[in-house]
Amino acid sequence: MRDRFAIFGAKSQEWLVGLLLIVPAFLALLFLRVIPAGIAVWESLHQRSFFNPDEKMFVGLDNFVFLFTTSPTFLKSMLVTLVFVTVTVAVQTVVALMLALLFTQRGWGMSFWRTLVFLPITIPVAVSAVVWGTAMRGDGIINAALERIGIPAQPFLASSDQALWSVVIIASWIGVGYWMVFLIAGLRDIPDDVKDAAALDGAGPLRTFFSITLPLLKRPLAFVVVANTVANFLQFVPAAILTQGGPENSTRFVMYEIYTQAYVQGDVSLADAQIVLVLIVLLAIVALQFRLLRSKE
Amino acid sequence: MGAIPRFATVLFTIAGICVALLFMLPVIWMLTSSLRPNAEIFAHFSPLTWQSIVPETWTLSNIVGLLGTGFGRSLLNSLIVTVITTTLGLVMAIMAGFAVSVLTFPGRNVLFAFFVVGFSVPFDAVAVPLSAQVREVGLTNSFFGLALAGLGNGFAIYLLRQFFLGIPRSLAEAARLDGASWLRVLWSVYLPLAKGPIIAAGLTLFVFQWQAYLWPLLVATDPKMQVGPVALAGLVSLSGVIDFSQMFAGALFLSIVPAGLMLWLQRYFVSSVSRSGMTG
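Residues numbered from 1 in each chain as written. Chains lettered and ligands numbered in written order. Predicted model: local features only at pLDDT ≥ 70, side-chain atom pairs only at ≥ 80, totals over all residues. Heavy atoms only, no water.

Section: the nonpolar core
So, step 1. Counting residues in hydrophobic clusters, the biggest one holds 195 residues, and the most contacted among them are F103 of chain A together with F98, F164 and Y190 of chain B.
So, step 2. Residue contributions to this core peak at 17 residues, all from helix α8 (residues 163-188) of chain A.
So, step 3. Two domains each donate at least three residues to this core, and these are domain 1 (1-59) and domain 2 (62-275) of chain B. (Core = buried A, V, L, I, M, F, W, Y, C linked by side-chain atoms within 4.5 Å. Buried < 20%, exposed > 50% of the residue type's maximum accessible area, 1.4 Å probe, protein only. Helix = DSSP H or I, 4+ residues; strand = E, 2+ residues; numbered from the N terminus. Domains from an automatic or database assignment.)

In structure tokens:
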């Protein structure tokens, strides 16, 4: 009788305890994501009076129409972000995969060398930005190294042709080691006997890589591509500290555009309309990421 | 037969060291530049020699001088804010992760999906509209207001939930039959087993909050509440003449804390990622 009561008690309490334990995370989700997103949607449908910011007027989709037809910078910022994310994710994934292959080989002290490659992710982006920015100056150490091997000095961040690629280099130095960790974990999950069987069948290392390793690595690779896209989509610090979006808007990332719109031009409604568009893109990518994570369960 | 693998081992080791050195070059340059007089930093680039990286005169004056400015205060602010975020964020993630993996209640899978999807949308995306609300409720220039940026972390909740799922439920049921409450089960059965994923989740929260930049820019308007990364950017852009040695010293301070933690605890991070089922 007592046992039955205990089990009954456990059952009836379990859902209550469960609901109580998720209260903090639920409130955080509500106040730190859902409500501000809702405010952005609401504000994006309004326009504030220039003379009296408390006076709001419902304008429907006018802000969005303005962004796509008239805004001098919005489409440019979307294009810059798209190019940046595509190139950065491609470069980082390929390099991370190569490094993951290297660091799963037998060697002395490999886990320590691997850790050093992984370390830049812990360094604040602001630090990476100022250190790389200083190194890339006209009279900086990178140009000194280039001159040493006979290449003329490059303008890097000071040129509209090179600034975006310079930020790609900085972002890749930061991120490659982090994504490498996920790919190393993926490589370790491939059973040895699969590779041994391929070797017994006479497959060379290249053949084994393309027909065995790469297909089995599809899931971690997909995760890295999707998560890395999210991580780089709101790039802000290099533009804010090093380039102010320039030269000639060549590094005007969408997050920098939103920030400028809200705090320099002072048009909050327009900034909120951009935020709504960014949120739609991010939600789609994140939902895809979640599906990837769940697909194996 | 034996000689060939040995040769490969040497080759891979050399390649590993070269790659690691390449990635560490900016860090080494930052370290040595912060330990040499300002006049020396740009003095040896034409032509490039070993002195470009190795100081002629070693000095601690940059570091000492920097701490005398407001930078020391900013570092302390960063530390306080990051400890708040890591502590609260970890407690929140443990509670939620335990609930959605061990306990059954209506809607738990939907809630789990909400948490991971919602918190995976980067905080910066909503920073601008949220900053207006935070101003209205008077949380601007407060440690708690600053700590909000990194509080919700989808990765932390996901890691803990995956780990808790792997613990046999019979352990929990045995403790329940002994009369333990669910909180007791969490505290005495699950937490002691979850040291690795807890450290991994804590590291993630710490590293993320420590480098927060946009949010502090929006909500810490009082110079006294400024955090390290924003203060560092101020050293570069506000003063017309940049004192590079101080800038490098600031960069060094800001890097040592999270990088040191990661060097110390990285094996927990790496093994938690491997076991999370994220990659397999």
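Topic: helix α9 (residues 169-177) of chain B
Residue and element names in this part refer to chain B.
So, step 1. Along α9, the residues classified as buried are A172, A175 and R176. Along α9, the residues classed as buried sweep out an arc of 105° about the axis, all on the same side.
So, step 2. Of the residues trailing α9, G179 is marked for its positive phi of about 95°. (Arc of directions from axis to C-beta.)

Focus on the UniProt feature "transmembrane region" (unreviewed entry) in chain A
Residue and element names in this part refer to chain A.
So, step 1. Here the UniProt-annotated "transmembrane region" (unreviewed entry) positions come out as residues 15-36, 81-103, 115-135, 163-185, 221-242 and 273-293.
So, step 2. The span residues 221-242 is 86% helix and 0% strand, and its two end C-alpha atoms sit 31 Å from each other.
So, step 3. Counting secondary structure, residues 273-293 comes out at 100% helix and 0% strand; the distance between its end C-alpha atoms is 30 Å. (UniProt positions renumbered as here; feature names shortened; annotations may be inferred.)

Brief notes about the UniProt feature "transmembrane region" (unreviewed entry) in chain B
Residues and elements named next belong to chain B.
So, step 1. This chain's UniProt record puts "transmembrane region" (unreviewed entry) on residues 7-29, 79-103, 110-131, 143-164, 185-208 and 244-265.
So, step 2. Secondary structure within residues 7-29 divides into 100% helix and 0% strand; the distance between the first and last C-alpha atoms comes to 32 Å.
So, step 3. With 86% helix and 0% strand, residues 110-131 has end C-alpha atoms that lie 29 Å from one another.

Topic: the pattern of salt bridges
So, step 1. With the rule as written, the count across this model stands at 6 salt bridges over all chains.
So, step 2. E14 of chain A serves as the salt-bridge partner of R169 of chain B, at 3.7 Å between the closest nitrogen and oxygen. Note that R169 of chain B is positioned in helix α9 and E14 of chain A in helix α1 (residues 2-21), a pairing that runs across two chains.
So, step 3. For R169 of chain B, a relative accessible area of 32% translates into the label partly exposed.
So, step 4. K56 of chain A serves as the salt-bridge partner of E43 of chain A, at 3.3 Å between the closest nitrogen and oxygen. Remark: K56 of chain A occurs in strand β2 (residues 56-58) and E43 of chain A occurs in helix α2 (residues 23-44); sequence separation between them is 13 residues. (Salt bridge = Lys/Arg side-chain N within 4 Å of Asp/Glu carboxyl O.)

Considering the environment of L146 of chain B
Residue and element names in this part refer to chain B.
So, step 1. Along the chain, L146 turns up in helix α7 (residues 143-147).
So, step 2. Along the sequence, L146 and G68 sit 78 residues apart, while their C-alpha atoms lie 24 Å from each other.
So, step 3. Those residues within four positions of L146 in sequence are excluded, and the remaining contacts are V81, Q209, W215, P216, V219, A220, M225 and V227. (Contact = heavy atoms within 4.5 Å.)

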